[in-house]
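Survey of secondary and tertiary structure
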Amino acid sequence: MKRLEHRRGQMLALLAATGAVVVSWLAAARPVSATAAAPLEGRTVTRIDLLADVSGISRDRVRPLIVSRVGDVFRQDDLARTLRNLQASGLVSEAEVFVESVPEGVVITLAAWGRVQVERVILRGDLQVRERDLRGVLAQGEGEPLVTSRIIRGVYDLENYYQRLGYLAASVRAKPQIDYENKTAVVVYEIEAGPRFKVGEISFEGPVEPFSAVELEGHLRMGTGKTYRHREARADTERLEKWLFAKNHRVARVGPFESLIDWDGAEVDITYKIDVGPRFHIEIHGAEERRLRRKGLVPFLKDTRYDEAILLRSIERIRAYYQRQGYFDVEVDWTESSTEELVHLVL
């Protein structure tokens, strides 16, 4: 009750300052409750007033959120829905509805305490990146309520964005400047992008024969001297692995990779763990290899690593395919022999 009286006092002070004419009855009005509003059910709404402590909460912005209309029959459910709409809109931090009985019906007054709104978001410092692109990363936008978690998230999102572009030493700080009297804020992000890191030495750890390190590096998109991007390095492991599959090393493994950062020299040395493995050879009897490839029945002959599990799934696919063609008694057998140099599969 004391809290409510304090809030009423704040609103009365605002009304006195603005010269509003509804001060006299607002002091006597009470928030809507089930017992107080029940006798007013069914009466006509003759007027709807809006009282707000900030100019940003205008009638035009609030009108679509108000369920009741002048001339409508007064219902408590409409008021409850209006309050939920106001709270969900983000325009207000708190809201109350006051109802006054008048000879013609009822007068509804919405009292709203506005949230701090962000007027501007400023990106300042050594950006090195288009400001438009940076703004697309931010969760806190202009013209929106100030949300602390969004500002903090913006710091991390900006730093992550810079790191994805190779600015590994980028630093971002947020400095919100809040005008509590007018409930407005300016959010300033101080940015120091720093140098853009390049790829230094590339090496491979593990057996690479019959290929050379130079040949393997030639199939990486992110080579020495190019801008370092962690995501691109990860994609290069998949890219190199698929190239090895195409060279009939279908049990090859590439990755994970390790990166060594030279902060002073702004370079990153990358080491890819690799096992080229034996060559792979397949013999297919009783079926056309081209057809099996085209139907996707032998994925390990495309860009999928060969192992026993994928082989067994492929055999089931082949068997099901031929049975759909009417060969119900089809048999699919396989044998495999392996050495350090060769995996030989017969279907």
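Fair warning: this is a prediction, and the values are worked out from it, not measured in the lab.

Side note on the overall build of the protein chain
- The number of helices and strands found in the protein chain is eleven helices and 13 strands.
- The 347 residues of the protein chain split such that 40% are buried.
- Of the contacts formed within the protein chain by residues at least 6 apart in sequence, a portion of 61% connects residues at least 24 apart.

Considerations on the side chain of Thr184
- Among the secondary structure elements, Thr184 is positioned in strand S7 (residues 184-192).
- The exposure class of Thr184 is buried, given its relative accessible area of 15%.
- If near-sequence neighbours (up to four positions away) are discounted, Thr184 is found in contact with Val116, Gln117, Glu119, Gln177, Ile178 and Asp179.

Some points on the environment of Leu40
- Tracing the backbone shows Leu40 in the loop between helix H3 (34-37) and strand S2 (45-52).
- Sequence spacing of Leu40 and Glu100 is 60 residues, and the spatial spacing of their C-alpha atoms is 9.1 Å.

As for the sheet that holds strand S8 (residues 198-205)
- Pairing is mixed across the open sheet formed by three strands, whose spatial order is S8-S10-S9. Each end of this open sheet is capped by a strand with a single partner; those strands are S8 and strand S9 (253-262). Pairwise comparison of adjacent strand axes, ignoring direction, gives a mean angle of 20° for this sheet.
- Pairing of S8 with strand S10 (residues 267-275) involves six bridges; the strand directions are parallel. Bridge assignment links Val199 to a residue of S10, and that residue is Val268.
- Along the sheet, helix H9 (residues 230-246) makes contact with S8, S9 and S10, crossing S9 at roughly 150°.

Details of the pairing of strand S12 (residues 335-338)
- Bridge count between S12 and strand S13 (residues 342-346): four bridges; the pairing is antiparallel. Of the residues in S13, the one forming a bridge with Glu336 is Leu345.
- Counted along the chain from S12 to the antiparallel partner S13, the turn is three residues long.

Examining the nonpolar core
- Grouped together as the largest cluster of nonpolar side chains are 25 residues, with contacts concentrated most on Phe204, Leu216, Tyr228, Leu244, Ile270 and Ile274.
- Of all the elements, H9 adds the most residues to this core, at five residues.
- Excluding residues within four positions of it along the chain, Leu216 makes contact with Phe204, Val208, Phe211, Leu240, Trp243, Leu244 and Ile274.
- Val116, Val121, Val137 and Val187 belong to the second-largest nonpolar core, a separate cluster that totals 24 residues.

Thoughts on the sheet that holds S12
- Strand order across the open sheet formed by three strands is S11-S13-S12, with mixed pairing between neighbours. The two strands at the open ends of the sheet, each matched to only one other strand, are strand S11 (279-283) and S12. Each neighbouring strand pair of the sheet contributes to a mean axis angle of 15°, computed without reference to strand direction.

Here we look at H9
- Between its first and last C-alpha, H9 extends 25 Å over 17 residues, near the 24 Å set by a 1.5 Å rise per residue.
- Regarding H9, the residues found buried are Ala233, Asp236, Thr237, Leu240, Glu241, Trp243, Leu244 and Phe245.
- The secondary structure elements touched by the buried residues of H9 are S8, helix H8 (213-217), S9 and S10.
- Following H9 by one or two positions, Asn248 adopts a phi angle in the positive range, close to 65°.

Here's the deal with the side chain of Thr227
- Looking at the secondary structure, you find Thr227 in the loop between H8 and H9.
- One polar contact links Thr227 to Lys198, side chain to side chain, over a distance of 3.3 Å.
- Beyond its immediate sequence surroundings of up to four residues, Thr227 is in contact with Leu165, Gly166, Arg196, Phe197, Lys198, Val199 and Met222.

Conventions and cut-offs
- Residues numbered from 1 in each chain as written.
- Predicted model: local features only at pLDDT ≥ 70, side-chain atom pairs only at ≥ 80, totals over all residues.
- Heavy atoms only, no water.
- Helix = DSSP H or I, 4+ residues; strand = E, 2+ residues; numbered from the N terminus.
- Buried < 20%, exposed > 50% of the residue type's maximum accessible area, 1.4 Å probe, protein only.
- Contact = heavy atoms within 4.5 Å.
- Pairing = 2+ DSSP bridges.
- Axes fitted to C-alpha atoms, helices over the stretch in contact; angles between N-to-C directions.
- Core = buried A, V, L, I, M, F, W, Y, C linked by side-chain atoms within 4.5 Å.
- Expected span 1.5 Å × (residues − 1).
- Polar contact = N/O pair within 3.5 Å; in protein donor to acceptor, adjacent residues only side chain to side chain.

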